[in-house]
Amino acid sequence: MTTLPQKTEKSLGLVIDLDTCVGCHACVISCKEWNTGNYGAPLSDQDAYGDVPMGTFLNRIHTFEVVPENRPAQTVHFPKSCLHCEDAPCVTVCPTGASYKRVEDGIVLVNESDCIGCGLCAWACPYGAREMDAAEGVMKKCTLCVDRIYNENIPQEDRVPSCVRTCPAGARHFGDLSDPTSSIFHLVEERGGIDLMPEQGTKPVNKYLPPRPKDTELDVLGPLLRQESPGGFLGWLDQQLEKL
Amino acid sequence: MTYQPKLDTSPPVSDEIRQTTCYMCACRCGINVHLKDGQVHYIEGNRDHPVNRGVLCAKGSAGIMQHYSPARLRAPLKRVGERGSGEFEEITWEEAFELAKSWLTPVRESAPEKLAFFTGRDQSQSLTSWWAQQFGTPNYAAHGGFCSVNMAAGGIYTLGGAFWEFGSPDWEQAEMFMIFGVAEDHDSNPIKMGLGRLKERGAKVIGVNPVRTGYNAVADEWVGITPGTDGLFILSLIHCLLEAGKVDVPYLARYTNAPVLVGDDGLFVRNSDGKELVWDRVTNAPQPFDAKGVKPSLYGKVQVDGVAARPVFELMAEAYRDPQYAPEAVAEATGIEAGTIRRLAAELAQAAFDKEITLNRPWTDFRGERHETITGRPVAFHAMRGISAHANGFQTCRALHVLQLVLGSVECPGGFRFKPPYPKPVAAHPKPHHKVTPGKPLDGPHLGYPRGPEDLALNPDGTAKRIDKAYTWENPLSAHGMMHMVISNAHAGDPYPIDVLFMYMANMSWNSSMNTRGVMDMLTDKDENGEYVIPKIIYSDAYSSEMVAYADLILPDTTYLERHDCISLLDRPISEADAMADSIRWPVVEPDRDVRGFQSALLELGARMGLPGMVNEDGSAKYADYADYMVNHERRPGVGPLAGFRGEDGTGKGRGAPNPDQIEAYIENGGFWLDHIPEDALYMRPFNVAYQDWAVERGLYDAPQPFLFQIYAEPLAKFRRAAEGHGAHQPPDHLRPLLMKAMHPLPVWYAPDGPTEGYPLHAITQRPAAMYHSWGSQNAWLRQIHGHNPLYVPTAVWEAEGFEEGDWATLTSPHGAITVPVVHQASLNPHTVWTWNAIGKRKGAWALSDGAPEVTKGFLLNHLIHELLPPKGDGLRWSNSDPITGQAAWYDLRVAIKKAPAQTASSPDTGRQTSPVPAAPKHLEVGK
Amino acid sequence: MHPAPSIIAFTALSGLGFGLMVFLGLMPGDKAPWVMGTFCLLALALASLGLMSSLFHLGHPERFIKALSQWRSSWLSREGVLAILTLAVFALYGALWVLTGAQLAPLGWLAALLALGTVYCTAMIYAQMKPVPRWHSPLTPGLFLAFSLAGGALLAGEITPALWAFAVLAALQAAAWRKGDLAFAQSGTTMNTATGLTKGEVRLLEAPHTGPNYLMKEMVFQIGRKHTRILRIAGLTLAAVLPLVAILLFEVKHTLAGLLVLSHVAGLFITRWLFFAEAEHVVGLYYGKR
Ligand SMILES: Nc1nc2c(c(=O)[nH]1)N[C@H]1C(S)=C(S)[C@@H](COP(=O)(O)OP(=O)(O)OC[C@H]3O[C@@H](n4cnc5c(=O)[nH]c(N)nc54)[C@H](O)[C@@H]3O)O[C@H]1N2
Ligand SMILES: Nc1nc2c(c(=O)[nH]1)N[C@H]1C(S)=C(S)[C@@H](COP(=O)(O)OP(=O)(O)OC[C@H]3O[C@@H](n4cnc5c(=O)[nH]c(N)nc54)[C@H](O)[C@@H]3O)O[C@H]1N2
Ligand code: SF4
Ligand code: SF4
Ligand code: SF4
Ligand code: SF4
Ligand code: SF4
Ligand SMILES: [Mo]
């Protein structure tokens, strides 16, 4: 593929913890708010107060149910934004070169002034991470907040994506996934982070941490309570009172 | 390789940041409002703020869309059409004030109770209650009575503080966390942050909830309980712990009233100073509970001055060791397997006792005993409306607190800890006040905590003094009033008719009310003379809500970014377990419409009426506006709405003379003030001398208020005794059985009243994290997430009814029927259906189109819930609430479901109101 | 996938136009200049109309020239470049023929090759789409080429090649449907791989927004099974079977040829509509749809 860099200097991305995400949509709105006022064209809303409101969002939360056999069904809140794939098909299909992957950090971006709004990149993305803006006619996608993470007008500790900074549960982590010394890399190792749709061959940079074992998947026997005192309830009570 | 454009990765973010307090909900997070060209550009969390530490929820980030909402009211409105039609004319503020004054002054001079002033989820209750008190009406309350008074009262009567946002689990040290009946809660962000911390630390989270979404989705274990049965489940856990001897006896003996002696009359045995007595094992004699060196006994019948008495612990053990609370006995009702209950009890015990924490922090208790260490029991609990919005909710809340107490996990490391000004025992709270004198203020604050029947708000003939019938035998401990009964009672003229209904920030003709359709009819009903039965209605809202259409005079408020507000320790502060704190809002942008902050308008109205405290001697207004009041009003000398930066030099903490630069100092400090509690005062605070002294210093108390946690609630025993026929204050006979059933001094469980036959399912609502009641739908971003609300149906019912995707169903309750879209959910209690709360909207409201999904597909469950129970044939009106506190029993709703033909809109249709605001824009490009 | 009229028109018309060019380039015969001219104009008109209608699909048609830059990697870019080249070469070939009478056969062959290349590139825009398993198959370019050649032959009046093309087309279309119906299941992409949740059956409980969005409008299109069957039969019959049978049974002359063109084009549009409408994008899994 000629238009993807052979190698990027870093692989910046997100790690999303499905065990912690409470599905609050905070990251969705924070993302919308930051990005409608910053990088590129605004994220417009059609029929905003009407019958079929429909706007552009770069990050959305789905809610799934997992129905195992013989155990209670589980609910999983599932945030999804661009995964900044290493083998990003959205880049290679782009006829204008508007879609590109940055060499320095691996961020997949759209250069909106070159975008003709053909929509092909959105088709090529298996994850549904790109949305064409109906007002501006250009393709919008997660920018990994490229205008925040290096922004010298923002305090150092806030140079993280808007969605990460806002997530109340701390379910979103940001960092360099190619750096084995980074905390985010460790997190992925430790929690067995996974790729979405690995069979699509996109090699996503973003990783998902699967939910931890739940309900009776946990120690099936569990501890049991025993009355230990030979003297029965009152005997036990006396013992306890002696300790006072 | 592709051409890679040069990016400016350091663009300027904004021209200016102004720090204030969010009000997209009542959580009150700190926000940084970025302004660009004088417009609100971006809102983010304030990293230094104690509540949210930088994070922000969906609503908070969507604040910009609320601020620029097309539904904002623009000027005072006077009704010109019929009530409910939404036809108004814009008037000036001068006209509005004079009109209001002309309605209110005669009422005050003749019969102040003919004004009913009720407020919603505002945070200025210390101002509004004071205003109502100065006016002289007994008819004031906020919305707590239908919100979660069970939680508040259950907490105060047991622990001297409640879950709510008045305390918090120790997120940093808890090993196990159990959360009952919470979807969002007021502590929205802190709970999410806390869960994140627990997850990070690997602590176990257990969610007890019929529905598995949100917090319950991330819980490590989900207990899908059947609604209304938590009390049984909790008492069964206590049963298991007692049976196994896994209770914290030293803690119970020292810090709770477990050793306190109870006489045959059910009341505490006291000495001549009124101190509760315990049986001391050292002297083998009765001693006051707080005597130095007592080693109280916890069992055995003793004689004190010829009266037989037994300690609370023995009564409790006897009650809960009873086989009726064995896991096997409660499994069917609760829907939880007996084995699960036993295992959970064991896990609780394991966490509390095997993972005990010991902190080497010497402290001295109120008995004067010094302790070298503090013992922590790292099990924490939290609960909210899933427990409290039932008619047995007060007792269930108490049961949960008792569970915490037997585990020894309140106010200790790893457990549940209060936030100043809590803990605060009943004794430190006022009693209810209701003495009316025309032309004069009320005799004291309206709301308080009754100690016994003598504190009820009753006339000598037994009729209610208050329009909502709070503090009557029907709901004796209605500590937050009963706003949900006001319209119904005023319409029925029971206990008496009123003249002016004045409301603030509560959508009472819609989602805030039970029986929505009925309430709409009551508000528009006319008497034989063609006059409205409720003659005059004044309402303050900031937006074009459903309620606006039902008022005669509208006082339009600003948005939260355009006004001063005060998040005060006198009200619901933003303190942390480790620090006391309060905060302000200030106009970070000026309104571009003819609107005024309601509090300023209220003070002006008060001044025009010459209300005491609001005028100077010469009759001129005492406060220029709310900001002036925030700085200069003093409740007690040196104690005012804001605790920070007091005194002439601005260094006063909690106490000090008014400081003219106080608001500037708050703004300078990021919009809040925070004062850390000293190290030695951080735990065991009801008993900790260091804390008590610090609290007095800071003006939280005027004298130390040490107390014992109340496993046994004596006030309830007093009501019970009255129901048995003792004492001067006697209930009407028809209420005696109900009082006997509900008013147990030790927590009990009883099934909520009301028909269940033919209504096999429970129907409940949940708050969506990304919506705030009705006011989120005007928000172009949030409404895309929750534009309509299906009814979620469990698998068994889904299959039995043969539902398929896209189906509709008719839901019937004893009170009515609605037809709504259905969706299948597997992770749901098999006897429960639910929907998101307050998404449905009335046509014409909120500047939405007539075909908006909120209007067509959205619906309110409220149509099925009546404020009264179905008639029992005794001719009496039985309210659908907890018989102890009057808490509205929203979640006792029972329904039947049936497949319906496909619909184009949900029913009922409540008609259309004319919009008082111009049509909304079609498309948006925010930030362009 | 949303069957956008602009894209259906684009692929169908340009396919016909380029197909016609192939036959005018390879077997021009000895047409009179005005006859050749008419044919050439028809081919050019169909191809350009198709290409123009594709512009309607763009958010910024005025920037279309930028779309030619990425021919090294993008099939759409290649298609654009080739289409322009084809049009230019073919126009030159036709113009020389008509205006000067110079019948430069090699130029015709080049035009034909380019036209085939263009159709192949168009097809590859879809065939490369791994997230759309039904398209992601060598049958897609095969089918597009067969359509183009069959339509081109018919339009050019080259009955024998048309006969073969229709036969191949019918076979390929049938194969594409057969294989396509299994493609999603065989792609290996499921709710489980999409979410990484493996401990049970995964179903959507709540979509991210109650309202629609671009992705759903663009990539999640649902038609009933019954509809599909009828449309498939009609499409295949009109596009290939009817012309094939007619050619075998009758001598194809003016009126019949005209009718067959109509039949084929109608069938082409129906099957092309189905090509999009039936194609399921894996993103649908995130919306509980296939
Ligand atoms: N079925 C069902 N019904 C319920 C509940 C439930 O769980 N299920 N919950 C109940 C509970 S706990 C509550 S608290 C109520 C809440 O119900 P409400 O208190 O009615 O809440 P909102 O719908 O948010 O309406 C408050 C009103 O305040 C207005 N408002 C917003 N901001 C401002 C402002 O800055 N100034 C002024 N003056 N007005 C403003 C809004 O426009 C709106 O009209 O609903 C109750 N109803
Ligand atoms: N985002 C957002 N936040 C809000 C609000 C909002 O509208 N939106 N409203 C605010 C207000 S006014 C309030 S009062 C608080 C309320 O905060 P919550 O108490 O969290 O509010 P509810 O949505 O009523 O949640 C009740 C929960 O209890 C469950 N439940 C119902 N019945 C039972 C039962 O019998 N047992 C158990 N164990 N669970 C049960 C329901 O499934 C639901 O999850 O939230 C506040 N915070
Ligand atoms: S903000 Fe965090 S917890 Fe909330 S939906 Fe997004 S990732 Fe999940
Ligand atoms: S997630 Fe989609 S848009 Fe993002 S890089 Fe991968 S393929 Fe491209
Ligand atoms: S829409 Fe824009 S970014 Fe996407 S492929 Fe087309 S030109 Fe490239
Ligand atoms: S990184 Fe930035 S652009 Fe991407 S989802 Fe998060 S907030 Fe949105
Ligand atoms: S929880 Fe959300 S809406 Fe509520 S105050 Fe905090 S940021 Fe604002
Ligand atoms: Mo509430």
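Each chain carries its own residue numbering, running from 1 in the written order of its sequence. Just so you know, chain letters begin at A and ligand numbers begin at 1, following the order they were written in. The model is predicted, so local features are restricted to residues of pLDDT at least 70 and side-chain atom pairs to those at 80 or more, both for listing and for counting; the totals for chains, interfaces and linings are taken over all residues. Neither water nor hydrogens contribute to the side-chain values; these are computed over all heavy atoms in the structure.

Caption draft 1: View of the site of ligand 5. For each residue, the test is whether any non-hydrogen atom lies within 4 Å of the molecule or strand; if one does, the residue is near. The environment of ligand 5 is formed by A:Cys94, A:Pro95, A:Thr96, A:Ala98, A:Cys115, A:Ile116, A:Gly117, A:Cys118, A:Gly119, A:Cys121 and A:Met139. Asp, Glu, Lys and Arg are counted as charged, while Ala, Val, Leu, Ile, Met, Phe, Trp, Tyr, Cys and Pro are counted as nonpolar; the rest, among them Gly, fall into the polar class. Residue classes in the shell around ligand 5 are distributed as eight nonpolar, three polar and no charged.

Caption draft 2: Structural context of the interface of chain B and chain A. Between chain B and chain A, the residue contacts involve 99 residues of the former and 90 residues of the latter. A 1.4 Å probe defines the accessible area here, and the buried area is the portion of it lost by two parts on being joined, summed over both. On the chain B side of the contact with chain A, B:Tyr42, B:Arg47 and B:Trp781 bury the most area, a combined 9% of that side's loss. Put simply, A:Asp19 and B:Lys199 hold a salt bridge, and the shortest N to O gap is 3.1 Å. Class assignment for the residues of the side of chain B that touches chain A results in 55 nonpolar, 24 polar and 20 charged. Should any heavy atoms of two residues lie within 4.5 Å, those residues are considered in contact. Salt bridges are identified by distance alone: a Lys or Arg side-chain nitrogen within 4 Å of an Asp or Glu carboxyl oxygen.

Caption draft 3: The state of the cysteines, seen in detail. Residue and element names in this part refer to chain B. When two cysteine sulfur atoms lie within 2.5 Å, the pair is treated as a disulfide. Counted by the stated rule, this structure contains zero disulfides over all chains. Counting only cysteine sulfurs, Cys147 is the nearest neighbor of Cys397, a cysteine outside any disulfide, at a range of 12 Å. Buried means the residue's accessible area, taken with a 1.4 Å probe over protein chains only, is under 20% of the maximum for its type, while exposed means over 50%, and partly exposed covers the values in between. Owing to a relative accessible area of 1%, Cys397 belongs among the buried residues under this scheme.

Caption draft 4: Expanded view of the packing of helix α1 (residues 5-26) of chain C against helix α2 (residues 33-56) of chain C. Residues and elements named next belong to chain C. Here an angle of 0 to 180 degrees is reported between the N-to-C directions of two axes, which are lines fitted to C-alpha atoms, with helices fitted over the stretch in contact. Counting from the N terminus, the helices are the DSSP runs of H or I reaching at least four residues and the strands are the DSSP runs of E reaching at least two. Between α1 and α2, whose axes approach to 7 Å, the crossing angle comes to 155°. Considering the angle they form, α1 stands roughly antiparallel to α2. Crossing geometry of α1 relative to α2 is assigned as left-handed. Looking at the contact of α1 with α2, its residues break down into 19 nonpolar, six polar and no charged. Throughout this description, any angle smaller than 35 degrees is read as roughly parallel, any larger than 145 degrees as roughly antiparallel, any in the 65 to 115 degree range as roughly perpendicular, and the remainder as oblique. Each helix crossing is assigned a hand: it is left-handed if the near helix lies turned anticlockwise from the far helix by less than a right angle, otherwise right-handed if that turn is clockwise.

Caption draft 5: Spotlight on the packing of helix α9 (residues 230-244) of chain B against helix α15 (residues 393-406) of chain B. Residues and elements named next belong to chain B. Running from N to C, α9 and α15 point in directions that differ by 20°, and their axes come no closer than 9 Å. In terms of axis orientation, α9 runs roughly parallel to α15. When you trace α9 past α15, the crossing you get is left-handed. Where α9 approaches α15, its residues Asp230, Gly231, Ile234, Leu235, Leu237, Ile238 and Leu241 are matched on the opposing element by Thr396, Ala399, Leu400, Val402, Leu403 and Val406. For the contact of α9 with α15, the per-class residue count stands at 10 nonpolar, two polar and one charged.

Caption draft 6: Region of the structure containing the site of ligand 2. Residues and elements named next belong to chain B. By nearness alone, 30 residues border ligand 2, and Asp230, Arg385, Gln766, Met771 and Tyr891 come closest of all. In the model, an oxygen atom of ligand 2 is placed 2.6 Å from a nitrogen or oxygen of the Arg385 side chain. Under the rule applied, a polar contact is a pair of N or O atoms within 3.5 Å (in protein, one hydrogen donor and one hydrogen acceptor; residues adjacent in sequence only if both atoms are side-chain atoms). The separation between an oxygen atom of ligand 2 and a polar side-chain atom of Gln766 is 2.5 Å. Contact with the protein chains removes 100% of the 920 Å² of surface that ligand 2 exposes when unbound. When contributions to the shell around ligand 2 are tallied by element, the ones reaching two or more residues are α14 (385-388) and β29 (761-766). Areas reported here follow the Shrake-Rupley algorithm with a probe of radius 1.4 Å; residue values treat only the protein chains shown as occluding.

Caption draft 7: Helix α6 (residues 183-191) of chain A, seen in detail. All names here are of chain A. Those residues of α6 not exposed but buried are Ile184, Leu187, Val188 and Arg191. Along the long axis of α6, the arc covered by the buried residues comes to 95°, so they all point the same way. What points out from α6, more than 90 degrees from its buried face, is the exposed set Glu189 and Glu190. Check the buried side of α6 and you find it contacts β1 (12-17), β10 (172-176) and β11 (207-209). In the segment just after α6, Gly192 is the residue with positive phi, at about 65°. To obtain the arc, one takes the directions from the helix axis to the C-beta atoms.

Caption draft 8: Just the packing of aromatic side chains, in detail. Two rings from Phe, Tyr or Trp (for Trp, the six-membered ring) form a pair when their centres sit within 6.5 Å of each other. Planes less than 30 degrees apart are called stacked, planes more than 60 degrees apart edge-to-face, and all others tilted. In this structure the tally under the stated criterion is 57 aromatic pairs over all chains. Between the aromatic rings of B:Tyr157 and B:Phe394, the centroid separation amounts to 6.2 Å while the plane-to-plane angle is 75°, which identifies the pairing as edge-to-face. With a gap of 237 residues between them, B:Tyr157 in helix α6 (residues 149-159) and B:Phe394 in helix α15 connect regions that are remote in the sequence. In this structure B:Tyr157 comes out as buried when scored by relative accessible area, which is 2%. B:Phe394 gets classed as buried once you look at its relative accessible area, which sits at 0%. Between the aromatic rings of B:Phe163 and B:Phe416, the centroid separation amounts to 5.0 Å while the plane-to-plane angle is 70°, which identifies the pairing as edge-to-face. Highlighted residues: B:Phe163 in the loop between α6 and β8 (167-169) and B:Phe416 in strand β22 (residues 416-418), separated in sequence by 253 residues. Pair check on accessibility: B:Phe163 and B:Phe416 agree, each one buried. A network of ring pairs unites the aromatic residues B:Tyr251, B:Tyr255, B:Phe289, B:Trp363, B:Phe366, B:Phe687, B:Phe707 and B:Phe709 as a single cluster. The cationic tip of C:Arg272 hangs over the ring face of C:Phe144; the distance from NZ or CZ to the ring centre is 4.0 Å. Whether a charge sits over a ring depends on NZ of Lys or CZ of Arg being within 6 Å of the ring centre and within 35 degrees of the ring normal.

Caption draft 9: Up close: the interface of chain C and chain B. Across the contact, nine residues belong to chain C and 14 residues belong to chain B. Each partner contributes to the roughly 900 Å² buried at the junction of chain C and chain B, and carbon and sulfur atoms together form 44% of this total. Looking only at chain C, the three residues that lose the most surface to chain B are C:Leu205, C:Glu206 and C:Thr210, adding up to 56% of its buried area. Remark: the boundary between chain C and chain B carries zero salt bridges. Seen at the junction of chain C and chain B, the total is six residue pairs in polar contact (both at pLDDT 80 or more). In terms of residue class, the side of chain C that touches chain B is made up of two nonpolar, four polar and three charged.

Caption draft 10: Local environment of the side chain of B:Gln662. Mapped onto the elements of the fold, B:Gln662 is located in helix α20 (residues 662-668). Non-local contacts of B:Gln662, meaning those with residues more than four positions away in its chain, are made with B:Met630, B:Val631, B:Leu642, B:Gly644, B:Phe645 and B:Arg646.

Caption draft 11: Molecular detail of the sheet that holds strand β10 (residues 204-208) of chain B. All names here are of chain B. Judged by pairing direction, the sheet is parallel, and its four strands sit side by side in the order β11-β10-β9-β21 without closing on themselves. A single partner strand is all that each edge strand has here, and the edge strands are β11 (221-223) and β21 (379-383). Between one strand axis and the next, the sheet turns by 15° as a mean value, whatever way the strands run. Here, strands pair whenever DSSP counts at least two bridges between them. Pairing analysis gives five bridges linking strand β9 (residues 176-180) to β10, with the strands arranged parallel. Bridge assignment links Phe177 to a residue of β10, and that residue is Val205. Sitting on the sheet, α9 touches β9, β10 and β11, and the angle it makes with β9 is about 155°. Taken strand by strand, helix α13 (residues 338-354) contacts β9, β10, β11 and β21, and its axis lies near 130° from that of β9.

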